[in-house]
Amino acid sequence: MASLSDIGLAAAINILSAFTFLLAFAILRIQPINDRVYFPKWYLKGLRSSPLQAGLFVSKFVNLDFKSYIRFLSWMPAALQMPEPELIDHAGLDSAVYLRIYLLGLKIFVPIAFLAFSVMVPVNWTNSTLERSNLTYSQIDKLSISNIPTGSNRFWTHLVMAYAFTFWTCYILKREYQIVATMRLHFLASERRRPDQFTVLVRNVPPDPDESVSELVEHFFLVNHPDHYLTHQVVYNAKKLSSLVSKKKKTQNWLDYYELKYSRNQSTRPSKKTGYLGLWGDRVDAIDFYTTEINRLSKEIELEKDRVTKNPKYIMPAAFVSFRTRWGAAVCAQTQQSRNPTVWLTEWAPEPRDVYWDNMAIPYVSLTIRRLIVAVAFFFLTFFFMIPIAFVQSLANIEGIEKAVPFLKPFIEIKVIKAFIQGFLPGIALKIFLIFLPTILMIMSKFEGYISTSSLERRAATRYYIFQFINVFLGSIITGTAFQQLDKFLHQSANEIPITIGVSIPMKATFFITYIMVDGWAGCAGEILRLKPLIFYHLKNFFLVKTEKDREEAMDPGTFGFNTGEPQIQLYFLLGLVYAVVTPFLLPYIIVFFGLAYVVYRHQIINVYNQEYESAAAFWPDVHGRIIFALVISQLLLMGLLSTKEAANSTPLLITLPVLTIAFHLYCKGRYEPAFIKHPLQEAMMKDTLERAREPNFNLKEFIQNAYIHPVFKGDDDSDSEVMSEKWEEQEPVVVQTKRQSRRNTPLPSKHSGSLSS
């Protein structure tokens, strides 16, 4: 059982670690040689130039302005200065709303902590229940509900506080849901046109022996949406083509490198060996070798393109269908297209950058089987991970370690070593076990077949949260209780065991405090330091970077990582809501995390992260739902805890809380969630009318037609749009236009269930 001194040592270690990370960041970020590591977003936007290009030789690598070292914390106010509308323009709505999750934590827990320390801590502290018991406890536990005697009337204080905390949390959640929903609708109705506003994805197109998939899609939408259908693009299985294009890009990069090398020194032509990694083989002229390779790959790519576009087995029964108006796309995306609900399935198309092309070629009928396999695999992953969790929890018990390895007892009993083991080691050990989990969960989501990166991340985030709830939260409480109180259980009667468990749940707060400090405090400071990207950038820059394009790829700005970041934040919401009534001493540690994380991630989003897609905050219903889930769990745990304290009079009133919370969630789901899954037809029509009046000659087809073409079909240079417009003209010759007129009023055969009018 970690004591107050152990927590103090852990806090000192983590504060010192966080300060060291922040100080190192403050020094490293102002060095010219690290500029691309700490400000990559501005380089990608073309708004920042390298400081290595001018000045003295030493000043190219080391900042010689000593005044800048004095202002080493200037990045903090700078990160808070950018207003939210400007932040949305700079980084996107996803990034701005993601930061609001940290603000939400502060809005919820700062008033709760103030109220808890003003009312509940004095009520808990002014008792001597633990002193008269035979349980192992610390000074922190005297601040918890464990110090209230069984059957005491003081439990009414905790009941009233549970209601107050619930109502406050629900009020803040509703207010925030309304704000984010308004931000999303305003963002979608902005002046800027986006291809996904006019496009739907059609899947499970039924086969037809007389028509190709492309002709069938065109026929179907000309019949059923004659006034709004604009164009379409079928989905190809282009995995082999993708590998050829990728190989050509790498070869082109090597050619650029050797041409640049030759331009600097034209006395000798560069050469290379033809063997693996240039270690053996015949020595040849490098420029001629890579030029020949590029010509060979270009021919292979053209042949593969013809094979993919003309061979029916490479054409998937799916297509991106674009409409002339937002209204037409909204109607199609939100309605059933045929009598048979398993064919002609329509949904909003992801943003072009958000499309996960590797999963577009997966047959729709196999998705259910894939998701069943992943569900079973996730169950076993979650179950068997309890074994290392139990081991981690055993580290928090000095007595358990001494019994397992008695020869280490003299070493372990040293005061500093003992404090380190109980106050710091469990949190860091658990963090290490969780490092590889996000990668495994993302692989599972990709196997399931989701077609957008945002949906992949949201699915992985949901599993990560479930995993953390079962293994980190419940697993830590259950196994920790069993390890710590095993000796007590063996010497107690059966009637006293439930009481011991009820007391031990709040006593587990000490472990979670150490975990918050390790993962939250030091973890945030480590995130802003970017030690791994810093090391990898300089290694790549020294050994691998050959061209400016290589240097740009070596920057690796990354993203805020919704699939890992949001579930981790939700764990703190869960801990805060569960322990707000049980052990309020944990709340200040969570508040420090939310405050530090908000500043750190705001800086990262402004200067570092380059979000690859924009989902317009589609993840907020998941955020809201998980906080509601944490609130209900906290109420159920409090109900179970009070039942062990013989506070039977308060139980009926506590039962009402989960019911009210779930009712509130259903209200919010019905009131605000439609803004995240549907598009209002009224706003779509108004926007279409305004755009037609403002830009009557705007060519929407030319704007859209390049959006949903697989990247491997696009050109290799700045002439992409020209190349692709030629490709679309090839797909729609005069014969097709004539055929289109004949199809416009020709219904599909009944086997397709194609006509909406039928």
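Rules used in this analysis
- Residues numbered from 1 in each chain as written.
- Predicted model: local features only at pLDDT ≥ 70, side-chain atom pairs only at ≥ 80, totals over all residues.
- Heavy atoms only, no water.
- UniProt positions renumbered as here; feature names shortened; annotations may be inferred.
- Helix = DSSP H or I, 4+ residues; strand = E, 2+ residues; numbered from the N terminus.
- Expected span 1.5 Å × (residues − 1).
- Buried < 20%, exposed > 50% of the residue type's maximum accessible area, 1.4 Å probe, protein only.
- Axes fitted to C-alpha atoms, helices over the stretch in contact; angles between N-to-C directions.
- Parallel < 35°, antiparallel > 145°, perpendicular 65-115°, else oblique.
- Left-handed = near helix turned anticlockwise from the far one by under 90°.
- Nonpolar A, V, L, I, M, F, W, Y, C, P; charged D, E, K, R; others polar.
- Disulfide = S-S within 2.5 Å.
- Phe/Tyr/Trp six-rings, centres within 6.5 Å; stacked < 30°, edge-to-face > 60°.
- Lys NZ or Arg CZ within 6 Å of the ring centre and 35° of its normal.
- Salt bridge = Lys/Arg side-chain N within 4 Å of Asp/Glu carboxyl O.
- Pairing = 2+ DSSP bridges.
- Patch = residues over 30% accessible without salt bridge, like charges linked within 9 Å, V, L, I, M, F, W, Y side chains within 5 Å.
- Areas by Shrake-Rupley, 256 points an atom, 1.4 Å probe, with all protein chains shown as cover.
- Polar contact = N/O pair within 3.5 Å; in protein donor to acceptor, adjacent residues only side chain to side chain.
- Contact = heavy atoms within 4.5 Å.
- pLDDT = per-residue confidence, 0-100.
- Core = buried A, V, L, I, M, F, W, Y, C linked by side-chain atoms within 4.5 Å.

The protein chain appears in an unreviewed UniProt entry as Glycogen debranching enzyme from Vigna unguiculata. The record held by UniProt for the protein chain lists under Subcellular location (unreviewed entry) the comment "Membrane". Per UniProt, the protein chain carries the Sequence similarities (unreviewed entry) text "Belongs to the CSC1 (TC 1.A.17) family."

Caption draft 1: Spotlight on helix H27 (residues 587-607). In this model, H27 (21 residues) spans 30 Å end to end at C-alpha, consistent with the 30 Å of a helix rising 1.5 Å per residue. Counting buried positions along H27 gives 18 out of 21 residues, so the element sits mostly inside the fold.

Caption draft 2: Region of interest: the UniProt feature "transmembrane region" (unreviewed entry) in the protein chain. Mapped onto the present numbering, the UniProt feature "transmembrane region" (unreviewed entry) falls on residues 6-28, 101-125, 155-173, 372-396, 416-443, 464-483, 571-601 and 627-644. As annotated, residues 571-601 comprises 87% helix and 0% strand, and the C-alpha atoms at either end are separated by 17 Å.

Caption draft 3: Seen up close, the packing of helix H7 (residues 93-125) against H27. In the contact formed by H7 and H27, the axes pass within 9 Å of each other and the chain directions differ by 160°. Considering their axes alone, H7 and H27 lie roughly antiparallel with respect to each other. In the crossing of H7 with H27, the sense of the turn from one axis to the other is left-handed. Taken together, the residues of the contact of H7 with H27 sort by class into 22 nonpolar, three polar and one charged.

Caption draft 4: Representation of the state of the cysteines. Enumeration over the complete set of coordinates arrives at zero disulfides. Cysteine Cys-668 is unpaired, with the sulfur of Cys-170 as its nearest cysteine sulfur at 7.7 Å.

Caption draft 5: Summary view of the packing of aromatic side chains. Under the counting rule described, the total for this entry stands at 39 aromatic pairs. A centroid spacing of 5.9 Å and a plane angle of 25° characterise the contact between Trp-254 and Tyr-258, whose relative ring orientation is stacked. Of this pair, Trp-254 and Tyr-258 both sit in helix H11 (residues 239-264), four residues apart, roughly one helical turn. Classification of Trp-254 by relative accessible area gives partly exposed; the value is 33%. For the ring pair Phe-512 and Tyr-579, a centre distance of 5.9 Å and an interplane angle of 55° mean the geometry is tilted. You can see Phe-512 sitting in helix H23 (residues 509-529) and its partner Tyr-579 sitting in helix H26 (residues 562-582), a full 67 residues away along the chain. Each member of the pair, Phe-512 as well as Tyr-579, carries the same accessibility label: buried. Among the aromatic side chains, those forming a connected cluster through ring pairs are Tyr-98, Tyr-102, Phe-109, Phe-560, Tyr-572, Phe-573, Phe-593, Phe-594, Tyr-601 and Tyr-609. Directly above the ring of Phe-39 sits Arg-48, whose terminal nitrogen or CZ lies 4.1 Å from the centroid.

Caption draft 6: Main features of the pattern of salt bridges. Considering all chains together, one arrives at 15 salt bridges under this definition. The partner of Asp-285 in a salt bridge is Arg-269, with the nearest N and O atoms 3.0 Å apart. Taken together, the residues span a long stretch of sequence, with Asp-285 in strand E4 (residues 283-285) and Arg-269 in the loop between H11 and strand E3 (271-273) at a distance of 16 residues. Accessibility expressed as a relative area gives 21% for Asp-285, which makes it partly exposed. Owing to a relative accessible area of 40%, Arg-269 belongs among the partly exposed residues under this scheme. A salt bridge links Arg-269 to Asp-288; its shortest N-O distance comes to 3.3 Å. On the criterion of sequence distance, the pair formed by Arg-269 in the loop between H11 and E3 and Asp-288 in helix H12 (residues 286-310) is long-range, its members being 19 residues apart. Asp-288 gets classed as partly exposed once you look at its relative accessible area, which sits at 45%. Through salt bridges with shared partners, a single ionic network connects Glu-84, Arg-100, Lys-107 and Glu-176.

Caption draft 7: Focus on the sheet that holds strand E2 (residues 229-236). Read across the sheet, four strands follow the order E2-E5-E1-E6 without closing on themselves; strand pairing throughout is antiparallel. Each edge of the open sheet carries a strand with a single partner, namely E2 and strand E6 (345-348). The average undirected angle you get between the axes of adjacent strands in this sheet is 25°. Both strand E1 (residues 199-203) and E6 contribute to a ladder of four bridges, which runs antiparallel.

Caption draft 8: Layout of unusual backbone geometry. Within the chain, Arg-530 stands out as a residue other than glycine whose phi angle is a positive 55°. With respect to the secondary-structure elements, Arg-530 resides in the loop between H23 and helix H24 (531-543). Residue classification places Arg-530 among the buried positions, given a relative accessible area of 6%.

Caption draft 9: The arrangement of a nonpolar patch on the surface in detail. Together, Leu-531, Ile-535, Phe-536, Leu-539, Phe-542, Phe-543 and Leu-544 make up an exposed nonpolar region whose accessible area comes to about 780 Å². Examined against the element boundaries, Leu-539 turns out to sit in helix H24.

Caption draft 10: Geometry of the environment of Asn-340. Within the element layout of this structure, Asn-340 appears in the loop between helix H13 (326-333) and E6. For Asn-340, a relative accessible area of 31% corresponds to the partly exposed category. There is a polar contact of 2.7 Å between the side chain of Asn-340 and the side chain of Thr-342.

Caption draft 11: Molecular detail of the side chain of Ser-322. With respect to the element layout, Ser-322 can be found in strand E5 (residues 315-323). On the basis of relative accessible area, Ser-322 is assigned to the buried category, the value being 4%. If we ignore the near neighbours within four places in the chain, the residues touching Ser-322 are Phe-198, Thr-199, His-228, Tyr-229, Leu-230, Thr-231 and Ile-704.

Caption draft 12: Representation of the pairing of E5 within the structure. For E5, a buried count of eight out of nine residues is recorded, marking the element as mostly surrounded by other parts of the structure. Pairing of E1 with E5 involves five bridges; the strand directions are antiparallel. When the sheet's bridge partners are listed, Leu-201 is paired in E5 with Phe-320. Pairing between E2 and E5: six bridges, direction antiparallel. In the strand pairing of E5, His-232 is matched with Val-321.

Caption draft 13: Representation of the environment of Pro-533. Examined against the element boundaries, Pro-533 turns out to sit in helix H24. By relative accessible area, which is 18% here, Pro-533 ends up buried. C-alpha of Pro-533 to C-alpha of Asp-556: the two residues are 23 residues apart in sequence and 6.9 Å apart in space.

Caption draft 14: Structural view of the packing of H13 against helix H31 (residues 681-694). Remark: H13 packs on H31, axes separated minimally by 8 Å, with the N-to-C direction vectors making an angle of 155°. Looking at the two axes, H13 sits roughly antiparallel to H31. Of H31, the residues touching H13 (which contributes Arg-326, Trp-327, Ala-330 and Val-331) are Leu-681, Ala-684, Met-685, Lys-687, Asp-688 and Glu-691.

Caption draft 15: Structural context of the confidence of the model for the protein chain. The predicted model of the protein chain averages 80 in pLDDT, with 81% of residues at 70 or higher. Mean pLDDT in the protein chain bottoms out at helix H33 (residues 720-731), which sits at 32, and peaks at H27, which reaches 93. Across residues 480-487, where pLDDT falls below 50, the model places 17 contacts with residues more than four positions away in sequence or in other chains. Low pLDDT, under 50, characterises residues 716-740; the predicted model gives this stretch 31 contacts beyond four residues in sequence or across chains.

Caption draft 16: Region of the structure containing the environment of Phe-378. For Phe-378, the position within the fold is in helix H14 (residues 367-384). Along the primary structure Phe-378 and Arg-463 are separated by 85 residues, whereas in three dimensions their C-alpha atoms are 8.1 Å apart. Here Phe-378 is in contact with Leu-441, Met-444, Arg-463, Ile-466 and Phe-467, once residues within four sequence places are set aside.

Caption draft 17: Seen up close, the nonpolar core. Grouped together as the largest cluster of nonpolar side chains are 137 residues, with contacts concentrated most on Tyr-102, Phe-473, Leu-575, Tyr-579 and Trp-620. The greatest single-element share of this core, amounting to 16 residues, is contributed by H7. Apart from the residues within four sequence positions on either side, Leu-575 is in contact with Phe-473, Phe-512, Ile-516, Leu-586 and Ile-590. Grouped together as the second largest cluster of nonpolar side chains are 31 residues, Phe-221, Leu-222, Tyr-236 and Ile-709 included.

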